[in-house]
Amino acid sequence: MRDALVRILDGNTFVVSDERGDIEASSTEPTGLFSYDTRFLSKWLLTVDGKRLNVLSVDDLHYFETRFFLVPGTGTIYVDAKVSVIRQRAVGGGFQETLTILNHDDKVADLTVRIEAASDFADMFEIKDALAKKGKLYTRMEHGRLTYGYERETFHRQTTISSSVTADVDEGGLTFAVHIDPHAEWSTDLHVEPAMVGPGGEGLMPRHPDDVETRRDMLAELDKWVGSAPRLDCDWEPLQITYEQSLVDLAALRFAPAIAGPSHSLPAAGLPWFMTMFGRDSILTSLQALPFNADLAATTLRLLADWQGSRVDDFRDEDPGRILHELRYGELVAFEERPHSPYYGNADATPLFVVLLDEYERWTGNTDLVRELETEARAALAWIDDYADLMGNGYISYQRRNEQTGLENQCWKDSPDSIAYRDGRIPGFPRATCELQGYAYDAKMRGARLARTVWNDPAYAAKLEAEAADLKRRFNKDFWVADGKYFAVALDAEGGHVDSLTSNIGHLLWSGIVDKPKAKAVVNHLMGPRLFSGWGVRTMAEGDGRYNPIGYHVGTVWPFDNSFIAWGLRRYGYKAEAARIAAGILDAATFFDGRLPEAFGGYERGLTKFPVQYPTACSPQAWSTGAPLLFLRTMLGLEPVGDDLVIDPALPSGIGHLALLDVPGRWGARDAFGRSRQEALPRRRVNAPLGGGGSTKP
Amino acid sequence: MTNPTDEFFQQLGHRGHEPLVRRVAGVMRFDVMHRGETDSRYLTIDHGHISVSRDGRPADSVIRVDRRVMDTIVTGQANPLAALLRGALSVEGNPEMMVIFQRLLPPPASARRPSAIETVAGW
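Only a predicted model underlies this, so the values are computations on that prediction, with no experimental measurement involved.

**Student:** Looking at this model, I keep getting lost on the overall build of chain B. Mind explaining?
**Tutor:** Helix and strand content of chain B: four helices and five strands. Each helix (α) and strand (β) of chain B, taken in turn from the N terminus, gives the series α-β-β-β-β-α-α-β-α. Within chain B, buried positions represent 37% of all 123 residues. Long-range pairs, those at least 24 residues apart, make up 68% of the contacts in chain B with a sequence separation of at least 6.

Encoded structure:
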């Protein structure tokens, strides 16, 4: 994504335009008005007297609203600044744009204002894979409205464009003959309304009221959301900015799936490609956000439980008990040309579902939800042993059954070359990646706790604990690369080590599967020069065959990955190391105005001095947005123990004091304070290394 | 003459208890359309107990679908959400019930199990 693109969103409806507010989509550019994975508007160009406009400034009012200030003219020198143009655009259902033209001159202005429009009704998958349409497009003009439509059998999508001031409507857009008196202004509201047309012309999805009242509600709701989160007090100012940005972005990325009822929302994965329900992303983001907002977790758990797999379906890679990977609403899914209705091909969301359920209860004390989801949690635990052990060796492994459109790598590092041997070779299938075994171990331990404390089934608890202990014992033997003193990223189909050194070993600490005596060696690798860049832990160690500092999962640094690694370091008592990772990533955030991208380059910090953003990274992205929240937890050492919140701070150098006020939980609300002997870095030195130097020595 | 939809509802009525739908309680009405006529069935789910009838209480969720489409859904050939997105099925009322209802549908005939284990406790 280019940075010049402007994105506003509400739920899974969003607009991506250039800085003028214009949309000029090509078959491969993700610009346009998107709703339910369909592009309802692929062209939206404003001209005045036949000329495109120049941007003066763009004002991001809220995540769902932007204002563009424009002037006519084509060069860098504004030849005709007697007129200026303001486009104020808000998303809600479709979008509403208030177009205002100001005449600054002493003379009357007679202008031809035109909006060029078009819709290609492209499915997100078609844009990604550059596919052609199979149905028929149509255009209608009636009562001053312009309607674009697309039909394929019973599939029907429609975009209606209307204006408050009557326009001359033709197939290619709307034209206004505008007369403005001296020092006066002219304005019209433009409405763009997407529709998923169902049987009998009824809408398939609940209609979104997109009036001013709703926007006021959205604003009030956003204020409430931010206001209900714990208050941060910190002497290192950039953290405040990052924290506020995280809260606002997390609010923006909330998404109420149409099939869940309007009051439920959970985190979608990220803009522009992933504004939809994702098992893994929703769970990990909910975990990160638990100390700040537990409702996200409750909704995530409920919705993922609703959609839990119940049968064996090869096309969707579905098994009984499996938690979904991705749900989509576009044409290709409607015609079952893609399996996302939903698609289940992931191997981690199912154990992580149980992990989230337990962590949710530990924070909130809400045993009702644990009871309500008992069937689903047991089914998830059963999936680990009954369906995920593809090699019959007692480990979760994955191999897609949908060989056309299923996912090859069903772990979070899902790009084709992410799982590799040290020498760069790629293993065959199935693959048993190491972090999956950690999640399985954690799920069994946590499942056992829930069975004992809530489900009143001590025999089941004992069984799960015995299985977990056995898994841990075997894992520490079978995955341990003795000559390197770390855990292999995976076992291949022959049971051999896929022996590259990766950030996955940090997730093992988080899960608790690592034998204590082995932890020190793992930590030394995580903080050592091959994995730690100075900003954070690289996905793959420098020196391995596939390593590439800008390779998606083979060398970049992922903020979310690092937040869970920091949690893992805390779990094994490595407080200072956890603080150093928090410091590196939070420092990096200052280069992105507090909004962490999905990933940035794995270049050594001393080399580039600033984090190099990964070229096509999604932003904002939910689990990057959640990373600073989890770092606040790890820096303050927040841990629910019984009905108490234990606070055990370990701050990076550069932060003198850190307080989180009114942390909600089963204890009511509690303040968490952390202090260090050092003073904060002065404001002007925020980009100086917060972690205490760019050194990558452990 | 019998058809897959009739057979499905008949068998469903005999299932009695189904732990897979333990979490929901409510009435679903299926308006199945065929040759201009609508055949309505009420599926009552009460925390795992299920019953099917031709008349019933006001429904919490109404599914309207052509019988040709319903026949493919109840035999595991077509996916209900895909049918909804295609405009071949509509849902009114509580959409969550339809999501849970999918657990009562059979698997596609061609599906192969990922592992050698044949029976799974609880599922």
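Further notes follow.
**Student:** How should the overall build of chain A be read in this particular structure?
**Tutor:** Across its full length, chain A carries 17 helices and 29 strands. The buried share among the 698 residues of chain A stands at 56%. Here the analysis covers contacts within chain A between residues at least 6 apart in sequence; of these, 64% occur between residues at least 24 apart.

**Student:** What am I meant to see in the interface of chain A and chain B here?
**Tutor:** Contacts between the two partners involve 38 residues from chain A, matched on the other side by 34 residues from chain B. Listing elements by their share of the side of chain A that touches chain B, those giving two or more residues are β14 (155–163), α6 (331–334) and α9 (374–386) of chain A. For the side of chain A that touches chain B, the element with the highest residue contribution is α9 of chain A, accounting for five residues. Along the lines of polarity and charge, the residues of the side of chain A that touches chain B split into 17 nonpolar, eight polar and 13 charged.

**Student:** Even after reading the chapter, I still don't get the pairing of strand β10 (residues 94–103) of chain A, so can you show me in this structure?
**Tutor:** The two faces of the sheet receive side chains in turn, since in a regular strand these alternate between them. Residue and element names in this part refer to chain A. When you tally the buried positions in β10, you get seven out of 10 residues, the bulk of the element. As defined by bridge partners, strand β9 (residues 83–92) adjoins β10 across 10 bridges and the pair is classed as antiparallel. Note that in β10 the partner of Val83 across the bridge is Asn103. Here β9 folds back onto β10, and the loop between the two strands holds one residue, one of which, Gly93, carries a positive phi near 80°. In the sheet, β10 pairs with strand β17 (residues 185–196) via eight bridges, with the strands oriented antiparallel. Bridge pairing links Thr100 to Ser187 in β17.

**Student:** I keep staring at the sheet that holds β14 of chain A and nothing clicks. Help me out?
**Tutor:** Strand-to-strand pairing in sheets goes through backbone hydrogen bonds, with the strands running parallel or antiparallel. All names here are of chain A. Taken in spatial order, the eight strands make up an open sheet running β7-β8-β9-β10-β17-β14-β13-β12, and their pairing is antiparallel. Edge positions in the open sheet fall to β7 (53–62) and β12 (136–142), since each of these has one partner strand only. Put simply, the sheet's adjacent strands are angled 15° from each other on average, direction ignored.

**Student:** It is not clear to me how the nonpolar core should be interpreted in this structure. Could you clarify?
**Tutor:** One recurring pattern in soluble globular proteins is that nonpolar side chains are buried together. Residues and elements named next belong to chain A. Within the largest apolar cluster, 226 residues are counted, with the highest numbers of intra-cluster contacts made by Phe353, Leu356, Leu357, Ala582 and Ile585. Discounting chain neighbours no more than four positions away, the residues touching Ile585 are Trp535, Gly536, Pro559, Asn562, Leu596, Ala627 and Phe631. Phe121, Met124, Ile127 and Tyr150 belong to the second largest nonpolar core, which has five residues in total.

**Student:** Would you explain the sheet that holds strand β3 (residues 49–53) of chain B in this entry?
**Tutor:** Residue and element names in this part refer to chain B. The strand order β3-β2-β1-β4-β5 describes an open sheet built from five strands, whose pairing is mixed. Every other strand in the sheet has two partners, leaving β3 and β5 (89–93) as the edge strands with one partner each. For this sheet, the mean inter-axis angle between neighbouring strands, taken without regard to orientation, is 20°. Alignment of strand β1 (residues 25–34) against strand β4 (residues 61–66), held across six bridges, turns out to be parallel. Residue pairing in the sheet places Met33 in a bridge with Asp66 of β4. Sitting on the sheet, helix α1 (residues 4–15) touches β1, β2 (37–46) and β3, and the angle it makes with β3 is about 140°.

**Student:** Which parts of the structure should I look at to understand the environment of Arg23 of chain B?
**Tutor:** Looking at the secondary structure, you find Arg23 of chain B in the loop between α1 and β1. In contact with Arg23 of chain B, not counting residues within four places along its chain, are Glu372 of chain A together with Ile100 of chain B.

**Student:** Help me out: how do you make sense of the packing of helix α15 (residues 575–590) of chain A against helix α17 (residues 622–636) of chain A in this one?
**Tutor:** The angle between the axes and the distance between the axes are what describe a pair of packed helices. All names here are of chain A. Where α15 meets α17, the closest approach of the two axes is 10 Å, and the angle between their N-to-C directions is 145°. Here the hand of the crossing between α15 and α17 comes out left-handed. Along its contact with α15, which presents Ala578, Ala579, Ala582, Ile585, Leu586 and Ala589, the element α17 presents Ala627, Pro628, Phe631, Thr634 and Met635. Of the residues assigned to the contact of α15 with α17, the class counts are 10 nonpolar, one polar and no charged.

The rules behind the values
- Residues numbered from 1 in each chain as written.
- Chains lettered and ligands numbered in written order.
- Predicted model: local features only at pLDDT ≥ 70, side-chain atom pairs only at ≥ 80, totals over all residues.
- Helix = DSSP H or I, 4+ residues; strand = E, 2+ residues; numbered from the N terminus.
- Buried ≥ 20, exposed ≤ 12 C-beta atoms within 10 Å, placed from the backbone.
- Contact = placed C-beta atoms within 7 Å.
- Nonpolar A, V, L, I, M, F, W, Y, C, P; charged D, E, K, R; others polar.
- Pairing = 2+ DSSP bridges.
- Axes fitted to C-alpha atoms, helices over the stretch in contact; angles between N-to-C directions.
- Core = buried A, V, L, I, M, F, W, Y, C linked by C-beta atoms within 7 Å.
- Left-handed = near helix turned anticlockwise from the far one by under 90°.

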